[in-house]
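Here are the chains, one letter per residue:
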Amino acid sequence: MLNRRKFIERSAAAGMLSLLPSVLKSNTLSGKVPVKKQLPVIISTWKHGIPANAEAMKTLQSGGKVLDAVEKGVMVVEADPENHSVGIGGLPDRDGHVTLDASIMAPDGNAGSVCFLENIVHPVSVARLVMEKTPHVILAGEGALQFAVESGFKEQNLLTPGAEKAWKEWLEKSHYDPVTNWENEPNKYHDTIGLLAVNENGELAGACTTSGLAFKLHGRVGDSPIIGAGLFVDNEVGGATATGMGELVMKTLGSFLVVELMRNGRTPQQACEEAVMRIVKKDPENKRRQVGYIAVSKNGETGAFSLQPGFNYALHQGGENILIDSKSHY
Ligand code: SD4
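Not measured: the values here are computed from a predicted model.

What counts, and where the lines are drawn
Residues numbered from 1 in each chain as written. Predicted model: local features only at pLDDT ≥ 70, side-chain atom pairs only at ≥ 80, totals over all residues. Heavy atoms only, no water. Phe/Tyr/Trp six-rings, centres within 6.5 Å; stacked < 30°, edge-to-face > 60°. Helix = DSSP H or I, 4+ residues; strand = E, 2+ residues; numbered from the N terminus. Buried < 20%, exposed > 50% of the residue type's maximum accessible area, 1.4 Å probe, protein only. Axes fitted to C-alpha atoms, helices over the stretch in contact; angles between N-to-C directions. Parallel < 35°, antiparallel > 145°, perpendicular 65-115°, else oblique. Contact = heavy atoms within 4.5 Å. Nonpolar A, V, L, I, M, F, W, Y, C, P; charged D, E, K, R; others polar. pLDDT = per-residue confidence, 0-100. Pairing = 2+ DSSP bridges. Polar contact = N/O pair within 3.5 Å; in protein donor to acceptor, adjacent residues only side chain to side chain. Arc of directions from axis to C-beta.

So, about the packing of aromatic side chains. On inspection of all chains with the given rule, the structure shows four aromatic pairs. A ring pair is formed by tryptophan 170 and phenylalanine 215, whose centres lie 4.9 Å apart and whose planes are at 15°; its orientation type is stacked. Here phenylalanine 215 lies in the loop between strand E6 (204–210) and strand E7 (231–234) and tryptophan 170 lies in helix H6 (residues 161–173), a separation of 45 residues in the sequence. According to the relative accessible area criterion, tryptophan 170 is buried, its value standing at 13%. Residue phenylalanine 215 is classed as buried on the basis of its relative accessible area of 11%.

Have a look at this one:
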């Protein structure tokens, strides 16, 4: 646990360290996790990040753009029907609708997203088209679906038998209380995927995609499609993405906060910790909920931090693609 005193000590130490040349700063808050500054790097949330990272790295290595890499990486998870929190197979809202949120950001600062979108397996690709082919940033619901279909996406029922069964079981009690770390239950290792990539030239992109909170109210939109909340990338600085209870992330505009803290000299690790501490300070819900951030700087340094234990992330760097347990506040 990072108590207040330790946090203040660390922050003070970090303040002094900011006076040092960056090469000396690399081991500040990393704990057991080795801090590398090596490009290219791909980092993503949860265990499903491992295959997503592999696809993203393959895309980079075969000459793809960093934007292609983040899109292709998260598409692996969107297409997996066994994953009950992203794309097809996602758990529905309480009325039985699978409604998807996704966003994407490019190195030039451009951004696109969709929210409350039904019947499309790859919302991230629709988000990319919103970014590239329209003057807008977000399309929602029926309008997003209309745009997707007109752009050539096929409609498909996303409610798999497994997800429908889970929903019907939930309906028996209809008690709504988002569970912390349910993604870590056996055979349910999944949650929102947020993925950030920096290519060999230091160009950054990010993507985030989810079916949101299981059994949410119909019409609920989470943090993932809100630029600055669930995802933010600034090619001059770095990127950040969030997972967990989106309401806490939105109220603190968490990913933007992480990137701004990095802009002001924090390492990715320090920035993630400070953004989590902002939630601890501002939101009484924090004790019962999970939020996790991951971040990467332009030079390839990474960080992660969560409210509760149990959050993990996948890091592909220096020829290894590994799952790492995040440090947490509690
Ligand atoms: C949301 N942040 O919709 C997403 C869901 C998530 O752990 O990541 N849950 O709030």
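Having seen it, we continue.
Attention shifts here to the packing of helix H4 (residues 123–133) against helix H5 (residues 141–150). Here H4 crosses H5 at 85°, and the two axes come no closer than 10 Å. What the angle tells us is that H4 and H5 run roughly perpendicular. Mapping the contact onto sequence places Val126, Leu129 and Val130 in H4 and Ala144, Phe147 and Ala148 in H5. By residue class, the composition of the contact of H4 with H5 is six nonpolar, no polar and no charged.

Turning next to the confidence of the model for the protein. Overall, the prediction assigns the protein a mean pLDDT of 88, with 85% of residues at 70 or greater. Across residues 1–31 the pLDDT falls below 50, and counting only partners more than four positions away or on other chains, this stretch makes 37 contacts in the model. Every residue in residues 186–190 is under pLDDT 50, and counting partners more than four places away or in other chains gives twelve contacts.

Attention now moves to the sheet that holds strand E2 (residues 100–105). Adjacent strands of a sheet pair through backbone hydrogen bonds, lying either parallel or antiparallel. Within the open sheet, the eight strands sit side by side as E4-E3-E2-E6-E5-E1-E11-E12. Their pairing is mixed. The open sheet has two edge strands with one neighbour each: strand E4 (138–140) and strand E12 (320–325). Recorded for the sheet is a direction-independent mean angle of 10° between the axes of neighbouring strands. Pairing geometry for E2 and E6, over five bridges, is antiparallel. Note on E6: the bridge partner recorded for methionine 105 is glycine 206. Its contacts with the sheet put H4 on E2, strand E3 (111–117), E4 and E6, and the angle it makes with E3 is roughly 130°.

Further remarks concern the side chain of threonine 99. Along the polypeptide, threonine 99 turns up in the loop between helix H3 (66–78) and E2. When its relative accessible area of 1% is taken as the criterion, threonine 99 is described as buried. Only 2.9 Å separates the side chain of threonine 99 from the side chain of lysine 216, close enough to count as a polar contact. When neighbours within four sequence positions are excluded, threonine 99 is seen to be in contact with Asp93, Phe116, Leu117, Glu118, Thr210, Ser211 and Lys216.

As a packed pair, H3 and H4 sit with axes 8 Å apart at the nearest point and diverge in direction by 150°. Of the possible angle classes, the one that applies to H3 and H4 is roughly antiparallel. Facing Leu67, Asp68, Glu71, Val74, Met75 and Glu78 of H3, the residues of H4 in contact are Pro123, Val124, Ser125, Arg128, Met131 and Glu132. Considering only residue class, the contact of H3 with H4 consists of six nonpolar, one polar and five charged.

Taken together, four strands build an open sheet; the order of strands is E7-E8-E9-E10 and the sheet is antiparallel. Two strands in the sheet have a free side with no partner beyond their single neighbour: E7 and strand E10 (302–306). The sheet shows a mean angle of 10° between the axes of neighbouring strands, taken without regard to direction. Sheet topology places E7 next to strand E8 (residues 238–244); four bridges connect them, and they run antiparallel. What sits directly across from leucine 231, in E8, is threonine 241. In the packing of helix H8 (residues 254–263) onto the sheet, contacts are made with E7, E8 and strand E9 (291–297), and the angle to E8 comes to roughly 145°. Helix H9 (residues 268–282) rests against E9 and E10 of the sheet, and its axis sits at about 20° to E10.

Helical geometry note: an α-helix holds 3.6 residues per turn, so side chains three or four residues apart project in the same direction. Within H5 the residues assigned to the buried category are Gly141, Ala144, Leu145, Phe147 and Ala148. The buried residues of H5 occupy one face: seen down the axis, they fall within an arc of 160°. Opposite the buried face of H5, at more than 90 degrees from it, the exposed residues are Glu142 and Glu150. Buried-residue contacts for H5 involve E3, H4 and E4. Backbone geometry just after H5 places glycine 152 at a positive phi near 105°.

Of all the seven residues making up E9, seven are buried; the element is thus mostly covered by neighbouring parts of the structure. Side chains Val291, Tyr293, Ala295 and Ser297 project from E9 onto one buried face, and the interleaved Gly292, Ile294 and Val296 project onto a second face that is buried too. As defined by bridge partners, E8 adjoins E9 across seven bridges and the pair is classed as antiparallel. The residue of E9 that forms the bridge with threonine 241 is isoleucine 294. In this sheet, E10 lies alongside E9 in antiparallel orientation, the contact comprising five bridges. Each bridged residue has a counterpart across the sheet, and for glycine 292 the counterpart in E10 is serine 306. The antiparallel pairing of E9 with E10 creates a hairpin that spans four residues between the two strands, and glycine 300 there sits at a positive phi of about 100°.

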